[in-house]
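# Structural overview for review
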Amino acid sequence: MRKIHVIGIGAGDPDQLTLQAVRALRDTDVFFVLDKGEVTADLVRLRREILRTHLPEGTYRVVDARDPERDRAAGGAGYSPAVGQWRSARAGVYERLIAEELAEDETGAFLVWGDPALYDSTLGILQEVLARGTVVFGYDVVPGISSVSALAARHRTGLNRIGGPVQITTGRRLAGGFPDGVDDVVVMLDAHRTFRQYADQDLDIYWGAYLGTPDEILDSGPIAEAAPRIERLRAEARERKGWIMDTYLLRRRPKE
């Protein structure tokens, strides 16, 4: 039966792969890479660099496919249906790749940025493919170093304080209010710079973009001071590269 590895490859640095991930790479015959177009072509190049770093040439093949477009303008009640439609379209691509490009006795792999369990759709999409019943395969999951872990390491800080919780959320959720009962909040997928609405609060921010890559950018400090710098850095980076992936930790200061 066909087999699929879902491999967490870290935030971008080839050195962040775990030994388990490297073993899974070496066990793979075919790597499936979804291309989002020229704007994010460097993400495809990073994946290929990871393969070149850890695998002998000629021991594997790479199959590229175009990633379906998602309606990123959909908001409010339309957000979840838009994501659902995109995931179903992606499931169709995965289904075709596995059925047509992977022989019955071969092993394929999807390389996932960060960790497959954290704000990534690959596992849910593979489950949808299996539910369709047109192609049969087994799969396993190799955890990876997430951008959240990389952010904390680069800022030399922990994610939580003694006995306290930490919450990981999205910019869309943070826009609805700071979570109750939590003083340390990690924010991902924030295309709208939601941290700006908290610039008048007693918070520190630890921010990073393109974590684990040569283009990595870091900033931190009291949010009132750091927010304008981060906005400028973010705008300049997006203009230069055409895309941005960033993550940040908001930390409420202890009351005196």
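This structure is a prediction, so every number in the text was calculated from the model and none was measured. (Residues numbered from 1 in each chain as written. Predicted model: local features only at pLDDT ≥ 70, side-chain atom pairs only at ≥ 80, totals over all residues. Heavy atoms only, no water.)

## A closer look at the packing of helix α3 (residues 79-101) against helix α4 (residues 122-132)
Relative orientation and spacing of two packed helices are given, respectively, by the angle between their axes and the distance between those axes. Rules: The angle between two axes is taken between their N-to-C directions and runs from 0 to 180 degrees, where each axis is a line fitted to C-alpha atoms and a helix contributes only its stretch in contact. Secondary structure elements are defined from DSSP: runs of H or I of at least 4 residues count as helices, runs of E of at least 2 residues count as strands, and each element is numbered from the N terminus. Note on angle classes: values under 35 degrees are labelled roughly parallel, values over 145 roughly antiparallel, values of 65 to 115 roughly perpendicular, and the remainder oblique. It is the rotation of the near helix from the far one that decides the hand of a crossing: anticlockwise by less than a right angle makes it left-handed, clockwise makes it right-handed. Any two residues whose heavy atoms approach within 4.5 Å at even a single point are treated as in contact. Side-chain classes are defined by residue name, with Ala, Val, Leu, Ile, Met, Phe, Trp, Tyr, Cys and Pro counting as nonpolar, Asp, Glu, Lys and Arg as charged, and the others, Gly among them, as polar.
Axis separation between α3 and α4 bottoms out at 9 Å; the angle between their running directions is 65°. Classified by the interaxial angle, the pair formed by α3 and α4 is roughly perpendicular. Pair α3 / α4 crosses with right-handed handedness. Each of Arg-87, Ser-88, Arg-90, Ala-91, Gly-92, Tyr-94, Glu-95 and Ile-98 in α3 lies in contact with α4, whose residues at this interface are Thr-122, Gly-124, Ile-125, Leu-126, Glu-128, Val-129 and Arg-132. Looking at the contact of α3 with α4 residue by residue, the classes come out as 6 nonpolar, 4 polar and 5 charged.

## A short note on the pairing of strand β4 (residues 107-112)
Heads up, the rule is: When accessible area is computed with a 1.4 Å probe and restricted to protein chains, residues below 20% of their type maximum are described as buried, those above 50% as exposed, and intermediate ones as partly exposed. Each pair of strands is called paired provided DSSP finds at least two bridges between the two strands.
Within β4, 6 of the 6 residues are buried, which leaves it mostly tucked inside the rest of the structure. With burial as the criterion, each face of β4 is covered, one bearing Thr-107, Ala-109 and Leu-111 and the other bearing Gly-108, Phe-110 and Val-112. Note that strand β1 (residues 2-8) and β4 share 6 bridges and pair parallel. Looking at the pairing, Val-6 lines up with Phe-110 of β4. Here strand β2 (residues 30-35) pairs with β4 via 3 bridges, running parallel. When the bridges of β4 are listed, Phe-31 appears paired with Ala-109.

## Here's the deal with the nonpolar core
Let me state the cut-off plainly: Only buried Ala, Val, Leu, Ile, Met, Phe, Trp, Tyr and Cys residues count toward a nonpolar core, and they belong to the same one when joined by side-chain atoms within 4.5 Å.
Judged by nonpolar contacts, the single largest core of 39 residues is most densely connected at Ile-7, Leu-25, Ile-205, Ile-223 and Tyr-248. Looking at which element gives the most residues to this core, the answer is helix α7 (residues 223-241), with 5 residues. Apart from residues lying up to four places away in sequence, Leu-25 is in contact with Ile-7, Leu-17, Phe-31, Ile-50, Leu-51, His-54, Leu-55 and Leu-111. The next biggest cluster of nonpolar side chains, apart from the first, holds 21 residues, and it includes Ala-65, Val-93, Ile-98 and Leu-102.

## Here's the deal with the side chain of Ser-121
Relative to the elements of secondary structure, Ser-121 occurs in the loop between β4 and α4. The exposure class of Ser-121 is buried, given its relative accessible area of 10%. Not counting the four nearest positions on each side in its chain, Ser-121 is found in contact with Trp-86, Arg-87 and Arg-90.

## Some points on the sheet that holds strand β9 (residues 217-222)
The strand order across the open sheet built from 5 strands is β6-β7-β10-β8-β9, with neighbouring strands paired in mixed fashion. One side of each edge strand has no neighbouring strand; the edge strands of this open sheet are β6 (167-170) and β9. The sheet shows a mean angle of 15° between the axes of neighbouring strands, taken without regard to direction. Judged from the 6 bridges that link them, strand β8 (residues 203-209) and β9 form a sheet pairing that is antiparallel. What sits directly across from Tyr-206, in β9, is Ser-220. With respect to the sheet, helix α5 (residues 147-154) is in contact with β6, β7 (184-188), β8, β9 and β10 (246-252), its orientation differing from that of β10 by roughly 60°.

## Some details on the sheet that holds strand β3 (residues 61-66)
Taken in spatial order, the 5 strands line up as β3-β2-β4-β1-β5 in an open sheet, and their pairing is parallel. Each edge of the sheet is formed by a strand with only one pairing partner; in this case those strands are β3 and β5 (137-142). Across the sheet, the mean angle from the axis of one strand to that of its neighbour is 25°, orientation sign disregarded. Taken strand by strand, helix α1 (residues 19-26) contacts β1, β2, β4 and β5, and its axis lies near 145° from that of β1. Here helix α2 (residues 41-54) sits on the sheet and contacts β2, β3 and β4; the angle it forms with β2, its principal contact strand, is near 165°.

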